[in-house]
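Secondary and tertiary structure notes
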Amino acid sequence: MPGKRGRGGSPGRRSRTARAERSCSVSHMERLLREGHYAQRLSSSAPVSLGAIIQYLTARVLERAGHEAQNSGRRRLTPELVDVAARNNALLSGFFSTSTISQAAPAQH
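Residues numbered from 1 in each chain as written. Predicted model: local features only at pLDDT ≥ 70, side-chain atom pairs only at ≥ 80, totals over all residues. Heavy atoms only, no water.

1. Concerning the overall build of the protein
Selection rule: Secondary structure elements are taken from DSSP: a helix is a run of H or I of four residues or more, a strand is a run of E of two residues or more, and numbering for both begins at the N terminus. Categorising residues by exposure relies on relative accessible area from a 1.4 Å probe, with only protein chains included: less than 20% of the type maximum marks a residue as buried, more than 50% marks it as exposed, and the intermediate range marks it as partly exposed. Any two residues whose heavy atoms approach within 4.5 Å at even a single point are treated as in contact. Reported accessibility uses the Shrake-Rupley method at a 1.4 Å probe radius. Residues are deemed covered only where the shown protein chains occlude them.
Along the protein, the regular secondary structure elements total five helices and zero strands. Its helices and strands taken in sequence order, the protein reads α-α-α-α-α from the N to the C terminus. Of all 109 residues assigned to the protein, the portion counted as buried reaches 17%. Taking contacts inside the protein between residues at least 6 apart in sequence as the whole, the part at least 24 apart equals 30%. Summing over all exposed atoms, the protein offers an accessible surface of approximately 8,900 Å²; the carbon and sulfur share of this is 52%.

In structure tokens form, the structure reads like this:
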């Protein structure tokens, strides 16, 4: 049928996010890196790497929050559980030491 396109447009065109098999948008990462003026020049692999790092950290935090939810007998993830998961892990607590997770109670020091 003329004028009717299949899903995804032309068969050869794939987004950079799809080619990199990432769930974080590569174009969005590139825009953030460019607007932040972190360097004069930016390689084509830098936003892909940043997207991979953010995707990995997100997966680790959500995995830990899921374990916290199971241990406390809950079925849903809440901001408090995400905060507890990030603070109770030695490696992740370094990344989140200066961050504030919205809608979570302040951590007990």
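2. Some remarks on the packing of helix H2 (residues 26-35) against helix H3 (residues 46-71)
To be explicit about the condition: In this analysis an axis means a line fitted to C-alpha atoms, helices contributing only their contacting stretch, and an angle means the value between N-to-C directions, from 0 to 180 degrees. By definition in this entry, angles of less than 35 degrees are roughly parallel, angles greater than 145 are roughly antiparallel, angles of 65 to 115 are roughly perpendicular, and the rest are oblique. In this classification, Asp, Glu, Lys and Arg are treated as charged, Ala, Val, Leu, Ile, Met, Phe, Trp, Tyr, Cys and Pro as nonpolar, and every other residue, Gly included, as polar.
Direction vectors running N to C along H2 and H3 enclose 110 degrees, while the axes themselves pass 8 Å from each other. On the basis of their axis angle, the class for H2 and H3 is roughly perpendicular. On H3, the residues that touch Val26, Met29, Glu30 and Leu33 of H2 are Ala46, Pro47, Val48, Leu50, Gly51 and Ile54. Here the residues of the contact of H2 with H3 are counted per class, giving eight nonpolar, one polar and one charged.

3. Details of the environment of Arg31
Within the element layout of this structure, Arg31 appears in helix H2. With a relative accessible area of 39%, Arg31 lands in the partly exposed category. Expressed as a C-alpha distance, the spacing of Arg31 and Pro47, which sit 16 residues apart in the sequence, is 8.6 Å.

4. Examining the pattern of salt bridges
Basically, it comes down to this: Salt bridge criterion: a side-chain nitrogen from Lys or Arg within 4 Å of a carboxyl oxygen from Asp or Glu.
A full pass over the atoms with the stated rule returns four salt bridges. Across the pair Glu30 and Arg34 runs a salt bridge, and its minimum N-O distance is 2.9 Å. Linking Glu30 with Arg34, this pair stays in helix H2, spanning four residues, or about one helical turn. You can call Arg34 partly exposed: its relative accessible area is 48%.

5. Observations regarding the packing of H3 against helix H4 (residues 79-88)
For any two helices packed against each other, the geometry comes down to the angle between their axes and how far apart the axes lie. Short version of the rule: It is the rotation of the near helix from the far one that decides the hand of a crossing: anticlockwise by less than a right angle makes it left-handed, clockwise makes it right-handed.
As a packed pair, H3 and H4 sit with axes 8 Å apart at the nearest point and diverge in direction by 110 degrees. Between H3 and H4, the angle falls in the class roughly perpendicular. The interaxial crossing formed by H3 with H4 has right-handed handedness. Residues Val61, Arg64, Ala65, Glu68 and Ala69 of H3 touch H4, and the partners they reach there are Leu81, Val82, Val84, Ala85 and Asn88. Across the contact of H3 with H4, the residue classes tally to seven nonpolar, one polar and two charged.

The analysis is restricted to geometry; functional conclusions fall outside its scope.
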